[in-house]
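# Working through the structure, step by step
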Amino acid sequence: LHYSGSHDFGLSAVLRTMNFYKNASLYLPYADELLSYSKWVFLMFLFIFMVIFKKSNIIKLALITYLLFLTFYFGISAQYLSWILAFAVLRKDKMIIPYTIFGTAAMSGFYMYFNPTILLFQLSSIQPYLPQFMQVYVIGNLFFWLTLFLWLLILIKKNRLRYG
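Summary of the structure given here. The structure displayed is predicted, hence computed values, not measured ones.

Each value, and the rule that gives it
Residues numbered from 1 in each chain as written. Predicted model: local features only at pLDDT ≥ 70, side-chain atom pairs only at ≥ 80, totals over all residues. Heavy atoms only, no water. Helix = DSSP H or I, 4+ residues; strand = E, 2+ residues; numbered from the N terminus. Rg over C-alpha atoms; globule rule 2.2 N^0.38 Å. Buried < 20%, exposed > 50% of the residue type's maximum accessible area, 1.4 Å probe, protein only. Contact = heavy atoms within 4.5 Å. Areas by Shrake-Rupley, 256 points an atom, 1.4 Å probe, with all protein chains shown as cover. Lys, Arg positive; Asp, Glu negative; His and termini not counted. Charge placed at Lys NZ, Arg CZ, Asp CG, Glu CD. 1 Å grid on protein atoms, 1.4 Å probe; cavity = no way out; pocket = protein on both sides within 12 Å on 5 of 7 lines; lining within 4 Å. Points joined across faces, edges and corners; volume = space filled by probe spheres on them. Nonpolar A, V, L, I, M, F, W, Y, C, P; charged D, E, K, R; others polar. Core = buried A, V, L, I, M, F, W, Y, C linked by side-chain atoms within 4.5 Å. Expected span 1.5 Å × (residues − 1). Polar contact = N/O pair within 3.5 Å; in protein donor to acceptor, adjacent residues only side chain to side chain. Phe/Tyr/Trp six-rings, centres within 6.5 Å; stacked < 30°, edge-to-face > 60°.

### Focus: the overall build of the protein
When helices and strands are tallied, the protein shows 7 helices and 0 strands. The globule rule puts the C-alpha radius of gyration for 164 residues at 15 Å, and the 17 Å found for the protein is close to it. Counting over 164 residues, the protein shows a buried share of 44%. Here the contacts in the protein between residues at least 6 apart in sequence split such that 69% fall between residues at least 24 apart. When the accessible surface of the protein is split by element, carbon and sulfur atoms take 70% of a total near 9,500 Å². Distance between charge centroids for the protein: 20 Å, based on 13 positive and 4 negative side chains.

Here it is as structure tokens:
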């Protein structure tokens, strides 16, 4: 429960970049409080969905758990984006396509803005902190988060129709 993560992807990244454009600061005010609230929102939704979807298969439950985490938790780092892939592929879920596209855009914008040498090695002459890459980062994260939210709604609706 003391885990915090970073504010690099998802909804926190969208808020972080909005703050960047408004205040010229990457530091998100009240980030620790938002992180704490998001942790409790995630855990609350997780508990509710585990009770509601207890008759679902384990792959769907794992996918819903990761979608809840990525959608509502503010401490998302790049490595967490891959966790969901195995379960989505096992379910043959077509939402993996927009997830991959927008997740790649968000990650590319992030690394091109903060540290282009991670993607382009030492051969790059691109300097960090160029504003055009911040735009890729924010747009990629916005569409990434919307994809997560839509995917979660689709899974909930499918499950509700089956049992309700």
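Here the narrative resumes.
### Re the layout of surface pockets
If you add up the space inside the largest pocket, you get close to 150 Å³. Together, A78, L81, S82, L85, Y99, T100, G103, T104, M107, S108, Y111 and L119 line the largest pocket. Looking at which element gives the most residues to the lining of the largest pocket, the answer is helix 5 (residues 96-114), with 7 residues. Of the residues that constitute the lining of the largest pocket, the class distribution is 7 nonpolar, 5 polar and no charged.

### Details of the nonpolar core
Formed by 42 residues in total, the largest nonpolar core has its most connected members in F9, L67, L68, L70, I76, Y99 and W151. At the level of elements, helix 1 (11-23), helix 2 (31-52), helix 3 (58-72), helix 5 and helix 7 (131-163) are the ones that each hand at least two residues to this core. Per element, the largest residue contribution to this core is 9 residues, and it comes from helix 7. Not counting residues within four places of it along the chain, the set of residues in contact with L68 comprises F42, F45, L46, F49, Y73 and L152.

### Things to note about helix 1
Here helix 1 is 13 residues long and its end C-alpha atoms lie 18 Å apart, about the 18 Å a rise of 1.5 Å per residue gives. What helix 1 keeps buried is the set S12, A13, V14, R16, T17, N19 and F20. Taken from the residues just after helix 1, A24 is the one with a positive phi, measuring 55°.

### Describing the side chain of N141
For N141, the location among the structural elements is in helix 7. Residue class for N141 comes out buried when judged on its relative accessible area of 0%. Side-chain polar atoms of N141 contact the backbone nitrogen of G10, separated by 2.8 Å. What N141 contacts, discounting residues up to four positions off in sequence, is D8, F9, G10, A13, V14 and A106.

### Quick look at the environment of L34
With respect to the element layout, L34 can be found in helix 2. Residue classification places L34 among the partly exposed positions, given a relative accessible area of 27%. Sequence spacing of L34 and L150 is 116 residues, and the spatial spacing of their C-alpha atoms is 22 Å. Discounting residues that sit within four places of it in the chain, L34 has contacts with L28, P29 and F74.

### What about helix 5?
For helix 5, with 19 residues, the first-to-last C-alpha span of 26 Å sits near the 27 Å given by 1.5 Å per residue. Within helix 5, burial applies to I96, Y99, G103, A106, G109, F110, Y111, M112, Y113 and F114.

### Focus on the packing of aromatic side chains
Under the counting rule described, the total for this entry stands at 24 aromatic pairs. Both rings, one in Y80 and one in W83, keep their centres 4.5 Å apart while their planes meet at 45°; by these two values the pair is tilted. The class of Y80 is buried, set by a relative accessible area of 8%. The exposure class of W83 is partly exposed, given its relative accessible area of 37%. An aromatic cluster of three or more residues is present, and its members are F9, F20, Y21, F110, Y111, Y113, F114, Y129 and Y137.

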